[in-house]
Amino acid sequence: MKPDRIILIGFMGSGKTTVGRALAARLGWELVDTDELVEARAGAPVARIFQDRGERAFREMEAEALASLLERTRVVIATGGGAPAQLQNQNFFSGAVAIFHLRVSLQTVRERTRGNTGRPLLGLSERELFALHKSRQPVYDGLGTAVETDGRKPEDVAEDILLLLGTQESQSRHGD
Ligand code: S3P
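From a predicted model like this one, the values you see are computed outputs, not experimental measurements.

Caption draft 1: The layout of surface pockets, seen in detail. Reported here for the largest pocket is a volume of approximately 600 Å³. If you trace the largest pocket, you find 29 residues lining it, with Met 12, Lys 16, Thr 17, Asp 35 and Arg 119 closest to the centre. Top contributing element to the lining of the largest pocket by residue count: helix H3 (residues 46–67), with 5 residues. For the lining of the largest pocket, a count of residues per class yields 7 nonpolar, 12 polar and 10 charged.

Caption draft 2: Main features of the pattern of salt bridges. With the rule as written, the count across this model stands at 9 salt bridges. With its nearest N and O atoms 3.0 Å apart, the salt bridge here joins Arg 103 to Asp 141. Remark: Asp 141 occurs in helix H5 (residues 126–143) and Arg 103 occurs in strand E4 (residues 98–103); sequence separation between them is 38 residues. Across the salt bridge formed by Arg 152 and Asp 160, the nearest N and O atoms sit 2.8 Å from each other.

Caption draft 3: Quick peek at the environment of Leu 31. Mapped onto the secondary structure, Leu 31 falls in strand E2 (residues 30–33). Taking the C-alpha atoms as reference points, Leu 31 and Ile 6, separated by 25 residues in sequence, lie 9.5 Å from one another. Dropping the residues within four chain positions of it, Leu 31 is found in contact with Thr 17, Gly 20, Arg 21, Ala 24, Val 76 and Ala 78.

Caption draft 4: Looking closely at the environment of Asp 160. Among the structural elements, Asp 160 can be located in helix H6 (residues 154–175). Taking C-alpha positions, Asp 160 is 7.5 Å from Val 147, a pair spaced 13 residues apart along the chain. The contact partners of Asp 160, leaving out residues within four places of it in the chain, are Val 147 and Arg 152.

Caption draft 5: Representation of H3 in the model. Taking 1.5 Å as the rise per residue, H3 with 22 residues should run 32 Å; its terminal C-alpha atoms sit only 18 Å apart, a clear shortfall. The largest bend in H3 comes to about 120°, at Arg 53. Buried residues of H3: Val 46, Ile 49, Phe 50, Phe 58, Arg 59, Met 61, Glu 62, Ala 63, Ala 65 and Leu 66, and no others. Summarising the contacts, the buried residues of H3 are in contact with helix H2 (34–42) and H5.

What counts, and at which threshold
- Residues numbered from 1 in each chain as written.
- Predicted model: local features only at pLDDT ≥ 70, side-chain atom pairs only at ≥ 80, totals over all residues.
- Heavy atoms only, no water.
- 1 Å grid on protein atoms, 1.4 Å probe; cavity = no way out; pocket = protein on both sides within 12 Å on 5 of 7 lines; lining within 4 Å.
- Points joined across faces, edges and corners; volume = space filled by probe spheres on them.
- Helix = DSSP H or I, 4+ residues; strand = E, 2+ residues; numbered from the N terminus.
- Nonpolar A, V, L, I, M, F, W, Y, C, P; charged D, E, K, R; others polar.
- Salt bridge = Lys/Arg side-chain N within 4 Å of Asp/Glu carboxyl O.
- Contact = heavy atoms within 4.5 Å.
- Expected span 1.5 Å × (residues − 1).
- Bend = angle between axes of the 7 residues up to and from the residue.
- Buried < 20%, exposed > 50% of the residue type's maximum accessible area, 1.4 Å probe, protein only.

Shown next, in the form of structure tokens:
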């Protein structure tokens, strides 16, 4: 069955929003970025939410934003890097959806996010960031089909996803 929604997961700087935009354009679907949704609802940028209300409050807003998207179709959803690691979001990531893990090395994260002040967790020490990146990989891999992004253009990553969707679709047809 062809999915009617695609969810992109992955670490900060993996390109979820950029790839999502390319993918949505190719499909003629809408792109929803959950960080942007949280920001619009809170009327404040993510960094400020973390600073003023703490990470826990952000995670609650993030969970609400995800829940509000459960019925949406013909949509590519670029999720925040921490969303799949939250138990409360389990429902969002289960069911008949196509989930892709945009893999990214820490070195590329550093390159892509240099000078970016909008992501509070990039302020972690080198060691903490390494540990966070490492601990998230099995979570992402457990939920989504992995697609490499290091050294690749967003359009090419989007193309890979479209190819994988085609393959998955024909596999499920043959399995019927
Ligand atoms: C976070 C990733 C960010 C944003 C917040 C926390 C994380 O989203 O949700 O800063 O826990 O990894 P991006 O992955 O879109 O940068």
